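Architecture at a glance
The residues making up each chain are set out below.
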Amino acid sequence: MLETSSDLTQYLQQNTDARLQEVQKYSATLELNQINSHLKRINAPVSNITQDMYRFSDQMNSYKIANKIVSGVFIYYPDLQLIVGDLGCYYANSYYALHNQLATDGLDKWLSAIQQTANGFALLPEFDGQSFSYIRQMICDGRVAGYIIFQFDTVELLKAIEPLLADSSTQVAFGISLDDQIFAQIGDGDLLSRLLLKQESNDAILYQRSSELPSIQYVNVYMQRELLRPFSIALYLCVFGVVFCALFGVLASVYIGRRHTVPLHSLMTKLGAEVSEAQDEYQAIGQQIDRMLQERNLSVEKLQAQQNMIGGLFLNTVLAGSMHNEYAIFNAAKRYDVMFEQPYYLVAVVHLSPAIPEQLGGQLLDWFSQLGYDVIVSYFQDNYVLLLNLAEEVYQHSMVPVFKQLLQQVFPDGGATAALGMRYDSLVHIPASYSQALSALGEDADDTVGNVICYSNRLETSAEKDMMNISSSEAFATDLQQGRYTLAMQSLELLLSQHTDSEMSAELRNIQFAAIQNLLLTALRKARLAGDISPEAYRTREIVGCQTPVQLRAAAHSLMNKLCGDTTDDCQEGGSIAERAKTIINRDFTDPMLGLYLVSDELKVSNSYLSTTFKSKYGIGLVQYINQLRINQAKLLIQSTSMSIKEIALMVGFSSDISFIRVFKKYESRTPSSLRKHG
């Protein structure tokens, strides 16, 4: 009977535990905050308070306002002697004075009490008593970097039980204790205190229930005579129950039979299912669910079609020529929710003769998607325009067989011609690649229907091409000789791009390839003579054994990393280009604008060189690494907090929840909601 009488109190206890546990979870979110992570790494007092600290303070104040049981939240950094909290950003003594109505006595005792609690609940000394608080210790680089403190409003914690206690004839007092010390109570407090001190009290029973949280107990006081009253009532009910048992059984069976039909009809009403004469209720519900699933699939297809249309609008905007720099196009891609994971861009134009209205865009998009290419399709100026986002090992000439297969399968009756522009490593050159494709198409479209045309340097004079090759080779040699290895890699990219020119003869290609190898071997021998690199660290055959531009690029990159010592201009503080890029990404991956362009712009290197360098060192593309960091952080928040999917998406660096769900499903093969539901 005692446990029956305390069922309601058990529910309230579980509710209170849940609210306290929610605060514990939010403390983990505060610890992961970018500003907090920065402050934890500082081990000396700061000279000024930054705007980021005030924004962090405003975030904690907003949480306090939204959560009624929290009366205060702040973070104490002992090395900085600084407290950032809902009251603002102050040094510890000033914050303590504000918190205690300008009283300064007891600061050392207060800070000592905070530091004595590693992780858990505690009673902190205050100017007018004690404050029930939760303290979370933060460790950074093997030291205690700070403490997250939540102070609770004990009146608000007990508010839900007050009306229930007033209406109860058996329960006369209720309290919460920490380490056997009462810090919150309602009802007959004197009686509760006497019973806790094990003093006898007539007709009163003390009942203690342990919380799921350590050291916390819920204490109830019941009146014995009221607890026994239900036994007397039950005895009388049993006597009358025997008489009416048979009649009740008959009535109950009829009632239950009718009651079972109510949920079924209610479900049918909510689903909008109608029962025909040839089917029962279950068949009707099944058919209605099938219809709803079909409608959902149609909605998903419409959403994908809308995203494809938005991608086409982005491409048309770029081709219109209204944006003249990389940053403007990059911002437009973010606004249109268009993502690029690869470092190179190539524009192709498909011309139909006779021209037909825009109706094949979806078919072209599906065809390339099935082959694993990232592509945007639009209908622009009576032609289909395709923007391909290509990996570093995919060149213009390697796309020719793909487009020939496209023309054969999608346009088997002929009448279609494809023209490919040059491949570039920056967004700003997309209009140039488009113009090149149009130029090639305009020159040869009349007599090459059904073929694939590649724009190349054949439109330039031989003298111009020779001068370009000589200039690039001289730049590469000069950069190698003077130890400017980052610039050397960029010159090498240009040389390799010229090497893949479809108009260059095989003999000239072999000569140029051998020249690049000789320059690299000369740089290696010079470094060995200077003692900068040992024969064991890098072997000659790594260069001599190269057969393709991709192999030569990888060998050159490996050599540059070996040559890139602390004395060269190329290696600034922070390590190699790839290491510095990784540092930037780890610092700013929650910024929605972060991408290949912003990182390469900060490091003052080209997109293609940064992409190649990063992938060579870490075995993963730069954009893929950014997405993986965001996904890993999102998984942690999904499993440890109750934040919505949209809030998590924005917190980890995605511009919208739609793009977050799309990328999450691509990397994890499941949706964020599925992870939260099934773990």
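Summary of the structure given here. (Residues numbered from 1 in each chain as written. Predicted model: local features only at pLDDT ≥ 70, side-chain atom pairs only at ≥ 80, totals over all residues. Heavy atoms only, no water.)

A short note on the overall build of the chain
So the rule is basically this: Secondary structure elements are defined from DSSP: runs of H or I of at least 4 residues count as helices, runs of E of at least 2 residues count as strands, and each element is numbered from the N terminus. The cut-offs for exposure are 20% and 50% of the maximum accessible area for each residue type, with area from a 1.4 Å probe on protein chains only; residues under the lower value are buried, those over the upper are exposed, and the others partly exposed. We call two residues in contact when some of their heavy atoms are within 4.5 Å. Each accessible area is a Shrake-Rupley estimate made with a 1.4 Å probe; only the visible protein chains count as cover when residues are assessed.
Counting secondary structure elements, the chain contains 27 helices and 15 strands. By the burial criterion, 46% of the 679 residues in the chain qualify as buried. The long-range fraction of contacts in the chain, counting pairs at least 24 apart against all pairs at least 6 apart in sequence, stands at 61%. Of the roughly 35300 Å² of accessible surface on the chain, a fraction of 52% belongs to carbon and sulfur atoms.

A look at the pattern of salt bridges
Any two side chains of opposite charge can pair, given that their charged atoms come close. Operational definition: In what follows, salt bridge is the name for a side-chain nitrogen of Lys or Arg lying within 4 Å of a carboxyl oxygen of Asp or Glu.
Counted according to the given criterion, the structure contains ten salt bridges. The salt bridge partner of Glu31 is Lys40, with a shortest N-O separation of 3.6 Å. Accessibility classification places Glu31 together with Lys40 in one group, the buried group. In this structure, the salt-bridge partner of Lys64 is Asp86, at a minimum N-O distance of 3.2 Å. In this pair, Lys64 sits in helix 4 (residues 51-66) while Asp86 sits in the loop between strand 2 (82-85) and strand 3 (88-91), placing the two residues 22 residues apart along the sequence. In the salt-bridge network here, residues are joined through shared partners; they are Glu31, Lys40 and Arg136.

Some words on a nonpolar patch on the surface
The cut-off we apply is this: Patch criteria: residues need more than 30% relative accessible area and no salt bridge. Like-charged residues are merged within 9 Å; nonpolar side chains of Val, Leu, Ile, Met, Phe, Trp and Tyr are merged within 5 Å.
Together, Leu87, Tyr90, Leu98 and Leu102 give the surface a local cluster of nonpolar side chains, amounting to about 380 Å² of exposed area. Note on Leu102: relative accessible area 68%, which makes it exposed.

Considerations on the sheet that holds strand 6 (residues 143-152)
This is how it is decided: When DSSP finds two or more bridges between a pair of strands, those strands are recorded as paired. Angles here are taken between N-to-C directions and fall from 0 to 180 degrees, while the axes themselves are lines fitted to C-alpha atoms, restricted in helices to the stretch in contact.
Pairing is antiparallel across the open sheet formed by six strands, whose spatial order is 3-2-1-6-5-4. The outermost strands of the open sheet, each flanked by one partner alone, are strand 3 and strand 4 (119-126). In this sheet, adjacent strand axes meet at a mean angle of 25° when their direction is disregarded. Judged from the eight bridges that link them, strand 5 (residues 129-140) and strand 6 form a sheet pairing that is antiparallel. By the bridge assignment for strand 6, Met138 is matched with Gly146. Lying over the sheet, helix 4 contacts strand 1 (70-77), strand 2, strand 3 and strand 6, oriented at roughly 150° with respect to strand 1. Against the sheet, helix 5 (residues 92-99) makes contact with strand 1, strand 2, strand 3, strand 4 and strand 6, and its axis sits at roughly 120° relative to strand 3, the strand it touches most.

Describing the environment of Asp425
Summarising the element assignment, Asp425 is placed in the loop between strand 14 (416-420) and helix 15 (430-444). In this structure the C-alpha to C-alpha distance between Asp425 and Leu390, which are 35 residues apart in sequence, comes to 9.3 Å. Leaving out residues up to four positions away in the same chain, Asp425 has contacts with Pro343, Tyr344, Tyr345, Ser606, Asn607 and Ser608.

Here we look at the sheet that holds strand 14
Taken together, the five strands give an open sheet; going across it, the order is 12-13-11-14-15, and neighbouring strands pair in mixed fashion. Looking at which strands have only one partner, the edges of the open sheet turn out to be strand 12 (374-380) and strand 15 (452-454). Ignoring which end each strand starts from, the neighbouring axes of this sheet average 20° apart. In the sheet, strand 14 pairs with strand 15 via three bridges, with the strands oriented parallel. Within the sheet, the bridge partner assigned to Ala419 lies in strand 15 and is Ile453.

Brief notes about unusual backbone geometry
Negative phi is the rule for most residues except glycine; trans is the rule for most peptide bonds. Of note in the backbone geometry, Asp141 takes a positive phi value of approximately 55° without being a glycine. Note that Asp141 resides in the loop between strand 5 and strand 6. When its relative accessible area of 68% is taken as the criterion, Asp141 is described as exposed. Phi is positive for Gln381, which is not a glycine, with a value near 55°.

What to know about the nonpolar core
Heads up, the rule is: Note on terminology: a nonpolar core comprises buried Ala, Val, Leu, Ile, Met, Phe, Trp, Tyr and Cys residues joined through side-chain atoms within 4.5 Å.
Counting residues in hydrophobic clusters, the biggest one holds 43 residues, and the most contacted among them are Leu520, Ile585, Val599, Leu610 and Leu622. Breaking this core down by element, the ones donating at least two residues are helix 16 (462-481), helix 17 (485-499), helix 18 (506-529), helix 20 (549-563), helix 21 (577-588), helix 22 (596-603), helix 23 (607-618) and helix 24 (622-640). With seven residues, helix 18 is the single largest residue contributor to this core. With residues near it in sequence (within four places) discarded, Val599 still touches Ala581, Ile584, Ile585, Leu594, Leu610 and Leu622. In this structure, Leu82, Leu123, Leu158 and Phe174 belong to the second largest nonpolar core, which totals 41 residues.

Focus: the side chain of Gln624
You can see Gln624 is positioned in helix 24. On the basis of relative accessible area, Gln624 is assigned to the buried category, the value being 16%. Gln624 has contacts with Glu341, Gln342 and Tyr667, leaving out every residue within four places of it along the chain.

Quick notes on helix 13 (residues 361-370)
Spelled out, the test is: This arc is built from the directions going out from the helix axis to the C-beta atoms.
Among the residues of helix 13, Gly361, Leu364, Leu365, Trp367 and Phe368 are the ones counted as buried. Angularly, the buried residues of helix 13 cover 160° about the axis, an arc narrow enough to put them on a single face. Positive phi shows up at Gly372, right after helix 13, with a value of about 85°.

Digging into empty space enclosed by the protein
Threshold: Note on definitions: the grid is 1 Å and covers protein atoms alone; a cavity is a set of points where a 1.4 Å probe fits but cannot get out; a pocket is an open set with protein on both sides within 12 Å along at least five of seven lines; lining residues have an atom within 4 Å of a point. Grid points are joined across faces, edges and corners, and a volume is the space filled by probe spheres set on the points.
Evaluation of the coordinates by the stated rule reveals four cavities of 30 Å³ or more. Roughly 270 Å³ of volume is contained in the largest cavity. When contributions to the lining of the largest cavity are tallied by element, the ones reaching two or more residues are helix 12 (326-335), helix 22 and helix 24.

Quick look at helix 26 (residues 657-668)
We apply this condition: Expected helix span is computed as 1.5 Å times (number of residues minus one).
Its twelve residues give helix 26 an end-to-end C-alpha distance of 16 Å, which sits within 8% of 16 Å, the value for a rise of 1.5 Å per residue. Its buried side turned inward, helix 26 meets helix 24, helix 25 (645-652) and helix 27 (672-678). Looking one or two places after helix 26, you find Ser669, whose phi comes out positive at around 60°.

A closer look at the pairing of strand 12
Of all seven residues in strand 12, six are buried, a share of seventy percent or more. Connecting strand 12 to the next strand, strand 13 (residues 383-390), in antiparallel fashion are two residues, including Gln381 with a positive phi near 55°.

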